[in-house]
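# What the coordinates show
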Amino acid sequence: MRIGLVLVICGGTPLGFAHSGATGIVKQRMDQFTQSKDNLKAIKAHIAAENYQEIQRLASEIKDWAESMPDYFPVGSDQKPSEASPQIWVDFAGFKRAADAHAAAAGDLVIAASHEDKTAVIAATAATAASCKSCHKRYKLD
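### Structural notes on the packing of aromatic side chains
In total, this model carries 7 aromatic pairs according to the counting rule given. For the ring pair Phe-73 and Phe-95, a centre distance of 4.9 Å and an interplane angle of 65° mean the geometry is edge-to-face. In this pair, Phe-73 is assigned in the loop between helix 4 (52-68) and helix 5 (87-90) and Phe-95 in helix 6 (residues 92-114), connecting sequence segments 22 residues apart. The exposure class assigned to Phe-73 is buried, which follows from its relative accessible area of 4%. On the basis of relative accessibility, which here comes to 2%, the residue Phe-95 falls in the buried class. Counting every residue linked through ring pairs, the aromatic cluster contains Phe-33, Trp-65, Tyr-72, Phe-73, Trp-89, Phe-92, Phe-95 and Tyr-139.

And the structure:
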């Protein structure tokens, strides 16, 4: 299924390696990204079970994180083990637009789940995961 592939792409580095040595705001944002990735994986399982209430809850968490995401990238928070690209601070307005697009996609997922529309939930989940990939392509180091 397309959603599974998109979720794998959005996944990133294993937690144990990526978070090694991270502290402060860098660790907080890494933890938030991990939680968001885990939420997307859980949403996939809830789609199969048609558990729309849980999809709404998990998508709301993703939306909340996306809305606050730019606050977790103050200037100077790009030291290792951060995987943030310097492009974030060169084009912070673009980074904020990417975070806003992610929040909007997750908001659409909340709405689709509230209507218990499986087709719309699948499409909105794919769009939410695609917004991860799009942002990572531009604003995350390889």
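### Quick notes on helix 6
Turn by turn, an α-helix covers 3.6 residues, leaving residues three or four places apart pointing in a common direction. Relative to the 33 Å expected for 23 residues at 1.5 Å per residue, helix 6 spans 33 Å between its end C-alpha atoms, a close match to the ideal helical length. Glu-116 sits one or two residues past helix 6 and shows a positive phi near 55°.

### Looking at the environment of Ile-122
Within the secondary structure, Ile-122 is located in helix 7 (residues 118-139). Linking Ile-122 and Ala-112, residues 10 residues apart in sequence, is a C-alpha distance of 8.9 Å.

### Some words on the side chain of Asn-39
For Asn-39, the position within the fold is in helix 3 (residues 24-49). At a separation of 3.3 Å, a polar atom in the side chain of Asn-39 contacts the main-chain carbonyl oxygen of Leu-58. In contact with Asn-39, other than residues within four places in its own chain, are Leu-58, Glu-61 and Ile-62.

### Focus: helix 7
Between its first and last C-alpha, helix 7 extends 31 Å over 22 residues, near the 32 Å set by a 1.5 Å rise per residue. Regarding helix 7, the residues found buried are Val-121, Ala-124, Thr-125, Ala-126, Thr-128, Ala-129, Ser-131, Cys-132, Cys-135 and Tyr-139. A distance of 3.2 Å separates the backbone nitrogen of Thr-119 from a side-chain oxygen at the start of helix 7, and that oxygen is part of Asp-117.

What counts, and at which threshold
- Positions within a chain are numbered from 1, following the residues in the order the chain's sequence is written.
- Only residues with pLDDT of at least 70 are given local features in this predicted model, and only at 80 or more are side-chain atom pairs given and counted; all residues enter the totals for whole chains, interfaces and linings.
- Excluding hydrogens and water, the side-chain figures rest on all heavy atoms present in the structure.
- What counts as a ring pair is set by centres within 6.5 Å for rings of Phe, Tyr and Trp (its six-membered ring), and what kind of pair is set by the plane angle: stacked under 30 degrees, edge-to-face over 60, tilted for all other angles.
- Helix numbering and strand numbering both begin at the N terminus, where a helix is a DSSP run of H or I of at least 4 residues and a strand a DSSP run of E of at least 2.
- Categorising residues by exposure relies on relative accessible area from a 1.4 Å probe, with only protein chains included: less than 20% of the type maximum marks a residue as buried, more than 50% marks it as exposed, and the intermediate range marks it as partly exposed.
- Working rule for helices: expected span equals 1.5 Å times residues minus one.
- Counting of polar contacts relies on pairs of N or O atoms within 3.5 Å, with two restrictions inside protein: one atom must be capable of donating a hydrogen and the other of accepting it, and residues adjacent in sequence are counted only when both atoms are side-chain atoms.
- Contacts: residue pairs with any heavy atoms within 4.5 Å of one another.

None of this, on its own, says anything about what the molecule does.
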